[in-house]
Amino acid sequence: MSKTKQKSLEELLEEALVPEDEQPYEVPGNWVWVRLGNYLENHNGARVPVSAKDREKMKGNIPYYGASGVIDYVNDWTHNGKFVLIAEDGANLISRSKPISFLTEGKIWVNNHAHILKGKCGTPEEYVCYYINSISLHNYVTGTAQPKLTQKNLNKIPIPVAPLDEQKRIVDKIERLFAKIDEAKRLIEEVKESIELRRAAILERAFRGELGTNDPFEAPSQINEKEIVPPNEQPYKVPENWVWVRLGAIFEQEKKQIQPTGTEKYIGLEHLISGGGIAEIGDTQELRSKKVVFKKGDVLYGKLRPYLNKHAIADFDGVASTDIIVFRNPSLILNKLLDIFLGSSYVMKYANEHSKGINLPRVSPKLMDNLSFPLPPADEQERIVEKVSYLLSNLEDERQLVSIVAEMLDLLKQSILSKAFRGELGTNDPSDEHAIELLKEVLKSK
């Protein structure tokens, strides 16, 4: 039997190079466009999938990789070295909620849901990894219910191959720029934490009379002496013209429930925002069980852990989940004051300590009625609501600005990657040896 004729270097180059009319964009003159499968070494043959049940018998400290990264740790390995892993299947190929390509080094075990590639002739694996994460794979992914990037299609992907020294400079420049961006994002996270701490401090000070709004000469609110919390049960010190009173003495809880007709606006725990507000509303067309009636201006409070920090003032009439307590007072100012109070650490601590239940602990309406509430004089109530609303509004503006900056930093990373593989990072040296020579070395080594 005659042996298959070995292809010449010219034939290998013709297979590897991307025709000009198929090249995605223009690159520097000493770069070349190459098919991924002709440039990189594929190590898919050594992949071994292991079921979760079997992995329980081989627990260790070696990462076990799937399509989206590490999914377990085992006591053996399939690959040892530096590799680029690329997702072979899964919704992430379309959604890009996580990186599609990631770098590994050392001993790893890889299942059959990730492609395994290695650079040849000195090509940095980082260069390939960054490139794959910078491009859309839409034209190479098949299937909708279960998207898949086959090895055949992976091999077709064009990659711009720069001279080897330029590849190294690009990787170095990307990593230096990314490090600065990551540091900026770390600082942003600190600002976010600071916003939450300042928010908690505002609420804490508001109900201790420490916002600078209290007038000590104002007369205290008139409360039935039976409803006043005894001095030895008062949680902390408040101004002398404030009154500690049981919550149930000020706010009525709505107990009325109705069977929804399908026309009501509906609020469930999922619609309330942590820290106050309503994100969206539901409808009652598919609801079969009775719901609690609420009116515009009522205060809605999630009594189920972990939703004890969810509350809002309703700005419409509707029905609520029975996991929501509906508080009501004729005074809109008092309702606003309660909504602010429900976000304080004091209420959170009380609710957590008194919530009962095994699977879904909840705080009972009766215990919430018994909660101690620091009641300021009437005019001070208005000043507190106004001052807290102003301060929290400023914090929300700051939070939104910080979120915008964080999004811009993510976009900046994508911009850096886009420029990197067009030779626009200011690192390209036109006097470098043409990348075709590197490609020849790679093809000869196959």
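See the structure printed just above.
Worth saying up front: this structure is predicted, and the values here are computed from it rather than measured.

(A) Up close: the sheet that holds strand 11 (residues 257-258). Strand order in the open sheet made by the five strands is 11-14-17-12-13, with mixed pairing throughout. The two strands at the open ends of the sheet, each matched to only one other strand, are strand 11 and strand 13 (282-283).

(B) How the structure looks around the pairing of strand 19 (residues 372-375). Burial of the side chains of strand 19 extends over both faces: Ser372 and Pro374 are buried on one face and Phe373 and Leu375 on the other. Bridging between strand 9 (residues 243-246) and strand 19 involves four bridges; their strand directions are antiparallel. Of the residues in strand 19, the one forming a bridge with valine 245 is phenylalanine 373.

(C) Representation of the pattern of salt bridges within the structure. For the coordinates displayed, the defined rule picks out 29 salt bridges. Note that glutamate 380 and arginine 383 form a salt bridge whose closest N and O atoms lie 3.0 Å from each other. Of this pair, glutamate 380 and arginine 383 both sit in helix 12 (residues 378-420), three residues apart, which is roughly one turn of the helix. The partner of glutamate 396 in a salt bridge is arginine 399, with the nearest N and O atoms 2.5 Å apart.

(D) Representation of the packing of aromatic side chains. Tallied over the entire structure, the rule returns 13 aromatic pairs. Centroid distance tyrosine 131 to phenylalanine 421: 5.2 Å. Interplanar angle 70 degrees. Geometry classified as edge-to-face. Separated by 290 residues along the polypeptide, tyrosine 131 in helix 5 (residues 125-134) and phenylalanine 421 in the loop between helix 12 and helix 13 (435-445) bring together distant segments of the chain. One exposure class covers both tyrosine 131 and phenylalanine 421, and it is buried. Where tryptophan 244 meets tyrosine 346, the ring centres are 6.3 Å apart and the plane angle is 70 degrees; that geometry is what we call edge-to-face. Taken together, the residues span a long stretch of sequence, with tryptophan 244 in strand 9 and tyrosine 346 in helix 10 (residues 345-354) at a distance of 102 residues. Each member of the pair tryptophan 244 and tyrosine 346 is classed as buried.

(E) Geometry of the sheet that holds strand 3 (residues 59-66). Read across the open sheet, the six strands follow the order 2-7-5-6-3-4; overall the sheet is mixed. The two strands at the open ends of the sheet, each matched to only one other strand, are strand 2 (41-42) and strand 4 (69-74).

(F) Up close: the pairing of strand 8 (residues 158-161). Every second residue of strand 8 is oriented toward a common face, with Pro158 and Pro160 on one face and Ile159 and Val161 on the other, all of them buried. Here four bridges tie strand 1 (residues 32-35) to strand 8, and the two strands are oriented antiparallel to one another. Residue pairing across strands places tryptophan 33 opposite proline 160, the latter belonging to strand 8.

(G) Just helix 13, in detail. Those residues of helix 13 not exposed but buried are Ala435, Ile436, Leu438, Leu439, Val442 and Leu443. The buried side chains of helix 13 occupy one side of the element, clustering within an arc of 155 degrees when seen end-on. Of the surrounding elements, those touching the buried residues of helix 13 are helix 1 (9-16), strand 1, helix 2 (36-39), strand 8 and helix 7 (164-206).

(H) Main features of the layout of surface pockets. In this structure, the largest pocket encloses a volume near 740 Å³. If you go around the largest pocket, you meet 27 residues; those closest to its centre are Arg199, Ser274, Gly275, Gly276 and Leu392. Contributions of two or more residues to the lining of the largest pocket are made by helix 7, strand 16 (311-313), helix 9 (332-341), helix 10 and helix 12. Considering every element that reaches the lining of the largest pocket, the biggest residue donor is helix 12, with eight residues. Along the lines of polarity and charge, the residues of the lining of the largest pocket split into 10 nonpolar, 11 polar and six charged. Taken as a whole, the second largest pocket spans an internal volume of roughly 370 Å³. Surrounding the second largest pocket, 17 residues form its lining, Pro99, Asn133, Phe178, Gln414 and Leu417 being those nearest its centre. For the lining of the second largest pocket, the secondary-structure elements that each account for two or more residues are helix 5, helix 7 and helix 12. A class-by-class count of the residues in the lining of the second largest pocket yields seven nonpolar, three polar and seven charged.

(I) Representation of empty space enclosed by the protein in the model. On inspection of all chains with the given rule, the structure shows one cavity of 30 Å³ or more. Taken as a whole, the largest cavity encloses approximately 40 Å³ of empty space. Taken together, Leu203, Glu204, Phe207, Tyr236, Phe341, Ser344 and Tyr346 make up the full set of residues lining the largest cavity. Class assignment for the residues of the lining of the largest cavity results in five nonpolar, one polar and one charged.

Conventions we followed
Residues numbered from 1 in each chain as written. Predicted model: local features only at pLDDT ≥ 70, side-chain atom pairs only at ≥ 80, totals over all residues. Heavy atoms only, no water. Pairing = 2+ DSSP bridges. Helix = DSSP H or I, 4+ residues; strand = E, 2+ residues; numbered from the N terminus. Buried < 20%, exposed > 50% of the residue type's maximum accessible area, 1.4 Å probe, protein only. Salt bridge = Lys/Arg side-chain N within 4 Å of Asp/Glu carboxyl O. Phe/Tyr/Trp six-rings, centres within 6.5 Å; stacked < 30°, edge-to-face > 60°. Arc of directions from axis to C-beta. Contact = heavy atoms within 4.5 Å. 1 Å grid on protein atoms, 1.4 Å probe; cavity = no way out; pocket = protein on both sides within 12 Å on 5 of 7 lines; lining within 4 Å. Points joined across faces, edges and corners; volume = space filled by probe spheres on them. Nonpolar A, V, L, I, M, F, W, Y, C, P; charged D, E, K, R; others polar.

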